[in-house]
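# Close look at the chain arrangement
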Amino acid sequence: MQVLGKFGGTSITESASINYAGGAASVNGTRTAATYGIGAQYYFNSNLFGRLDLDSYSVGDSSYSSRVDVWTVNIGYHF
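All values derive from a computational prediction rather than experimental measurement.

Rules used in this analysis
Residues numbered from 1 in each chain as written. Predicted model: local features only at pLDDT ≥ 70, side-chain atom pairs only at ≥ 80, totals over all residues. Heavy atoms only, no water. Salt bridge = Lys/Arg side-chain N within 4 Å of Asp/Glu carboxyl O. Helix = DSSP H or I, 4+ residues; strand = E, 2+ residues; numbered from the N terminus. Buried < 20%, exposed > 50% of the residue type's maximum accessible area, 1.4 Å probe, protein only. pLDDT = per-residue confidence, 0-100.

### Some remarks on the pattern of salt bridges
- Under the definition given, this model contains two salt bridges.
- Of the charged contacts in the structure, one is a salt bridge between D55 and K6, with a shortest N-O distance of 2.8 Å. One end of the pair, D55, is in strand β3 (residues 48-60); the other, K6, is in strand β1 (residues 2-20), with 49 residues separating them in the sequence.
- A relative accessible area of 12% places D55 in the buried class.
- Of the charged contacts in the structure, one is a salt bridge between R51 and D53, with a shortest N-O distance of 3.1 Å.
- Judged by relative accessible area, D53 falls into the buried class, the value being 5%.

### Some points on the confidence of the model for the protein
- Predicted confidence across the protein gives a mean pLDDT of 89, with 94% of residues reaching 70 or more.
- Mean pLDDT across the elements of the protein bottoms out in strand β2 (residues 23-43) (88) and peaks in strand β4 (residues 65-77) (91).

Next up, the structure:
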């Protein structure tokens, strides 16, 4: 099994709008921030492997920000 660590940068553009009985509201923004993650990869045999990753991203703008965690499960085959 291999354990992986990741560190990098990302630029995320987001937009959202909502309509409600009293009017409407919208939010738009772009944020560039650091991202990081961890993962593990396991080889079932010399060709077939599985991988699990957790990546964390910062989203929002100067008035609101939050972190979003993304889990990814992969199965791969080396030819």
